[in-house]
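Chains, contacts and geometry: an overview
Listed here are the chains, written in short residue letters.
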Amino acid sequence: MKLLENEEELLRSNNNEVVLTNRRIWMEKILSGQSYYIDMFLENISTVEVRYKSKLWLLIVGILCIAAGLYLGSGAIFLGLSVGAILIALWWLTRLYVIAVTSHGGVALNISAKGISESKIHDLIHDIAKAKQTRVNSLYRV
């Protein structure tokens, strides 16, 4: 990441995936062998939340398979329960615990929170809020 003019790095994640500066938050990931970047100016941040991100369609289809198996009866019960249970297990295993930084009407920057203590998560959220407040104050000369 190249810093902009008058930009200072405030915080960097252990794996260098996320960088917080006095002007923006920046993330670089490698997905399927391709680099993926998100760059968000601090004044554009609307929310920061800690949540689970999952593929909800796996859960819905799993429940529907179980319901269909029970509804159709006899031979379909085993198949419906098996496929439904596998899909629900996949949904559970693919859930990600993330810190989601969202911009006004834009995409969310999802930072993995796996293995990070609650106090470190609170510190990161505080650091982002503090940097945003400083940035907004400097823009509007408060």
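In this numbering scheme, every chain counts its residues from 1 along its sequence in written order. At least 70 in pLDDT is required for a residue's local features to be given in this predicted model, at least 80 for side-chain atom pairs to be given and counted, and no such filter applies to totals for whole chains, interfaces and linings, which use all residues. Only hydrogens and water are removed before side-chain values are computed, so all heavy atoms of the structure are retained for them.

Next up on the list: the side chain of arginine 24. With respect to the element layout, arginine 24 can be found in strand β3 (residues 24-31). Here a polar contact means two N or O atoms within 3.5 Å. Within protein one must be a hydrogen donor candidate and the other an acceptor candidate, and residues neighboring in sequence count only if both atoms are side-chain atoms. Within polar-contact distance, the side chain of arginine 24 engages the side chain of glutamate 7 at 2.7 Å. Within polar-contact distance, the side chain of arginine 24 engages the side chain of aspartate 39 at 2.7 Å. Here, residues are in contact when the closest pair of their heavy atoms is within 4.5 Å. Sequence-distant contacts of arginine 24, that is, excluding residues within four places in its chain, are made with Met1, Lys2, Leu3, Leu4, Glu7, Val19, Asp39, Met40, Phe41 and Leu42. Helix and strand definitions follow DSSP, with helices as H or I runs of at least four residues and strands as E runs of at least two, each counted in order from the N terminus.

An order of β1-β2-β3-β4 is seen for the four strands of this open sheet, with the pairing classed as antiparallel. Edge positions in the sheet fall to β1 (9-12) and β4 (34-41), since each of these pairs with one other strand and no more. Strand-to-strand twist in this sheet, taken as the mean axis angle between neighbours without regard to direction, amounts to 15°. Strands qualify as paired when DSSP identifies two bridges or more between them. By the bridge criterion, three bridges tie β1 to strand β2 (residues 18-21) in an arrangement that is antiparallel. Within the sheet, the bridge partner assigned to arginine 12 lies in β2 and is valine 19. All axes are obtained by fitting lines to C-alpha atoms, using only the stretch in contact for helices, and the reported angles, taken between N-to-C directions, cover 0 to 180 degrees. Packed on one face of the sheet, helix α3 (residues 118-139) meets β1, β2, β3 and β4 and runs near 40° to β2.

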